[in-house]
Amino acid sequence: MRQGDSTHPRAFGPRPGRGWNAVLRNGRFLDPETGLVVEGDMRIENGEIAEIGEIGAVARTGASPEDGPGGYVETDLGGTTVTPGLIDAHFHAYAAGMGGIMMATRTTSFVVINGVNRLSAALRRGFTTVRDVAGGDIGLQQAIERGMVDAPHYLFSGRVLSQTGGHGDVRPAEHDLHAGCDHTHEVVDGIDALRTAVRERLRTGSHVIKIMASGGVISPTDPLTVPQYSAEEIAVVCEEAGRRGRYVAAHAYSAEAVIHAVTNGVRSVEHGNLIDAEAARVIADNGAFLVPTLAAYDAMRRRGEEAGLSPVGREKNAEVLGAGQQAIRLAREAGVRVGFGTDLMGDLEDEQLRGIELQAQVLEPLELLRSMTVENAALIQDPGRGNLAVGSAADLVAFREDPLEDVSVLWDQTRPRVVIQGGAVVWDER
């Protein structure tokens, strides 16, 4: 059954809000951190994993925690294989279009409502956590945490920081515009201004600070490969974030731009399609992560024109399209921790699972699953979201087949999946 079928008892409801007490019966629990499978049951206390194995009878409630304190909601998983919920570490809730002037002129109400719909769709696919690295804000996060909307656990960067004429500067060269800020980007130049901008983002709850450290596909005036921001500018952003226990993610494509970003303190390299072996070694030596976003380039190749991608954007996309998988290979050989992201904008958001299929062409099934769980959880500084250890968040996804035996179950939308958030079944397609 799908969302919108009112006869289905578990299509988005009730919302978790608070953690549930639950017992999941008759499952195969696959922990990607160890690669081991435990068959039996899982007991969940207040939204966290409390026990896995053969679990006896527990006090039951009717349908939800409100039916009685201390009771458990029971669900029979029917032998499905359960993994931690998937994490998309490069998501864009507020990307209501393909960037540029159109995005800068969208009304806030449209952008937010569209963002909620994008988040709800991601949750249905099994992504129980997303890291939004262009936009988002504390209001949306609070609405999600209070159960007001159906969405994954949500971490946001706030507006991306871009230099004048950088990837976040939406102004075409021939336009005399003075707009330096939209729903997802802000143009900020200079050490002092950047220091203030980072502090403001940290004040308003940003999990990560995002900078543009090279050109990009959708921006109108910057070459793809040229590094952006000076060493001093990047360093001050990383210094301010680090003082608060946060970190910096950098959009960067070329080897030169990646090395420039990482050696000045960046922890999370976004895209990295054009890296070479030396850049991969620098990423590894500095303990940074690579977050590939293969879905975006493939989707823009096939659907970019109809989605509104400019001719310049389509030309740039062709430049990076074929290099993304090779970048992952180079990163693996150098010992880089490789995560997973999608970077889908506008109408292309429905390609999220396609990104898994593309990354599966480079990684073995367990490595692939780890990229979306263990590695991304380490990246977001919340390792319990990437494993099935006692005390970890009971954000889970159950597949009819074992992903290590049939990896296509991770992206095949024709095969039902069950999504569990905080111990509550929020989506059940069986």
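For the structure, see preceding data.
1. What about the overall build of the protein chain?
Here's step 1: When helices and strands are tallied, the protein chain shows 12 helices and 18 strands.
Here's step 2: Within the protein chain, the proportion of its 430 residues that are buried is 59%.
Here's step 3: The long-range share in the protein chain, meaning contacts at least 24 apart out of those at least 6 apart in sequence, stands at 70%.
Here's step 4: Of the accessible surface of the protein chain, which amounts to about 16,200 Å², a share of 48% is contributed by carbon and sulfur atoms.

2. Remarks on the pattern of salt bridges
Here's step 1: Per the stated rule, a full pass over the model turns up 33 salt bridges.
Here's step 2: Between Glu240 and Arg199 there is a salt bridge, and its shortest N-O distance comes to 3.0 Å. Remark: Arg199 occurs in helix α4 (residues 191-203) and Glu240 occurs in helix α5 (residues 231-243); sequence separation between them is 41 residues.
Here's step 3: Taking relative accessible area as the criterion, Glu240 reaches 3% and is therefore assigned buried.
Here's step 4: By relative accessible area, Arg199 is classed as partly exposed at 46%.
Here's step 5: Across the pair Arg385 and Asp382 runs a salt bridge whose closest N-O atoms are separated by 2.8 Å.
Here's step 6: If you follow the salt bridges from partner to partner, you end up with Asp298, Arg301, Arg302, Arg303, Asp350, Glu351, Arg354 and Glu357 in one network.

3. A closer look at unusual backbone geometry
Here's step 1: The phi angle at Asn26 is positive, at roughly 60 degrees, despite the residue not being glycine.
Here's step 2: Inspection of the secondary structure puts Asn26 in strand β1 (residues 22-31).
Here's step 3: The backbone of Asn46 shows a phi angle near 50 degrees, a positive value even though the residue is not glycine.
Here's step 4: Considering the arrangement of structural elements, one finds Asn46 in the loop between β2 (36-45) and β3 (48-53).
Here's step 5: By relative accessible area, Asn46 is classed as exposed at 56%.

4. Regarding the side chain of His183
Here's step 1: Here His183 shows up in the loop between β9 (160-162) and β10 (185-187).
Here's step 2: A relative accessible area of 15% means that His183 is categorised as buried.

5. Here's the deal with helix α6 (residues 255-262)
Here's step 1: Most of α6 sits out of view: six of its eight residues are buried.
Here's step 2: When we look at burial in α6, the residues that qualify are Ala255, Ala257, Val258, His260, Ala261 and Val262.

6. Concerning the nonpolar core
Here's step 1: Ranked by size, the top nonpolar core spans 76 residues in total, and within it Leu119, Leu161, Ile211, Val237 and Ile356 carry the most contacts.
Here's step 2: Setting aside its immediate chain neighbours within four residues, Ile356 contacts Leu86, Phe127, Phe340, Leu368, Met372, Leu410 and Trp411.

7. So, the side chain of Asp395
Here's step 1: Here Asp395 shows up in the loop between α12 (365-379) and β16 (396-399).
Here's step 2: On the basis of relative accessibility, which here comes to 9%, the residue Asp395 falls in the buried class.
Here's step 3: A polar contact of 2.8 Å, which involves the side chain of Asp395, links it to the side chain of Arg385.
Here's step 4: When near neighbours in sequence (up to four residues on either side) are disregarded, Asp395 contacts Pro84, Gly85, Thr128, Thr129, Arg385, Ile420, Gln421 and Gly422.

8. Describing the packing of α6 against helix α7 (residues 277-285)
For any two helices packed against each other, the geometry comes down to the angle between their axes and how far apart the axes lie.
Here's step 1: Where α6 meets α7, the closest approach of the two axes is 9 Å, and the angle between their N-to-C directions is 15 degrees. As judged from the angle between their axes, α6 and α7 are roughly parallel. Judged by the sense of rotation from one axis to the other, the crossing of α6 with α7 is left-handed. Side by side, α6 and α7 meet where Ala255, Val258, Ile259 and Val262 of the first sit next to Glu278, Ala279, Val282 and Ile283 of the second.
Here's step 2: Along the lines of polarity and charge, the residues of the contact of α6 with α7 split into seven nonpolar, no polar and one charged.

9. Some details on the packing of aromatic side chains
Here's step 1: By the definition in use, this model includes three aromatic pairs.
Here's step 2: With 6.1 Å between their ring centres and 10 degrees between their planes, Phe127 and Phe340 make a pair best called stacked. One end of the pair, Phe127, is in strand β7 (residues 127-132); the other, Phe340, is in the loop between β15 (337-338) and α11 (352-360), and 213 residues separate them in sequence.
Here's step 3: Between the NZ or CZ atom of Arg124 and the centre of the ring of Trp427, over which it lies, the distance is 5.9 Å.
Here's step 4: Over the face of the ring belonging to Tyr247 we find Arg267, whose NZ or CZ atom lies 4.8 Å from the ring centre.

10. Focus on the environment of Pro416
Here's step 1: Within the secondary structure layout, Pro416 lies in the loop between β16 and β17 (417-421).
Here's step 2: A relative accessible area of 17% places Pro416 in the buried class.
Here's step 3: For the pair Pro416 and Arg125, spaced 291 residues apart in the sequence, the C-alpha separation amounts to 9.9 Å.
Here's step 4: Setting aside chain neighbours within four positions, we find Pro416 in contact with Ala398, Arg400, Glu429 and Arg430.

About the criteria used
- Residues numbered from 1 in each chain as written.
- Predicted model: local features only at pLDDT ≥ 70, side-chain atom pairs only at ≥ 80, totals over all residues.
- Heavy atoms only, no water.
- Helix = DSSP H or I, 4+ residues; strand = E, 2+ residues; numbered from the N terminus.
- Buried < 20%, exposed > 50% of the residue type's maximum accessible area, 1.4 Å probe, protein only.
- Contact = heavy atoms within 4.5 Å.
- Areas by Shrake-Rupley, 256 points an atom, 1.4 Å probe, with all protein chains shown as cover.
- Salt bridge = Lys/Arg side-chain N within 4 Å of Asp/Glu carboxyl O.
- Core = buried A, V, L, I, M, F, W, Y, C linked by side-chain atoms within 4.5 Å.
- Polar contact = N/O pair within 3.5 Å; in protein donor to acceptor, adjacent residues only side chain to side chain.
- Axes fitted to C-alpha atoms, helices over the stretch in contact; angles between N-to-C directions.
- Parallel < 35°, antiparallel > 145°, perpendicular 65-115°, else oblique.
- Left-handed = near helix turned anticlockwise from the far one by under 90°.
- Nonpolar A, V, L, I, M, F, W, Y, C, P; charged D, E, K, R; others polar.
- Phe/Tyr/Trp six-rings, centres within 6.5 Å; stacked < 30°, edge-to-face > 60°.
- Lys NZ or Arg CZ within 6 Å of the ring centre and 35° of its normal.

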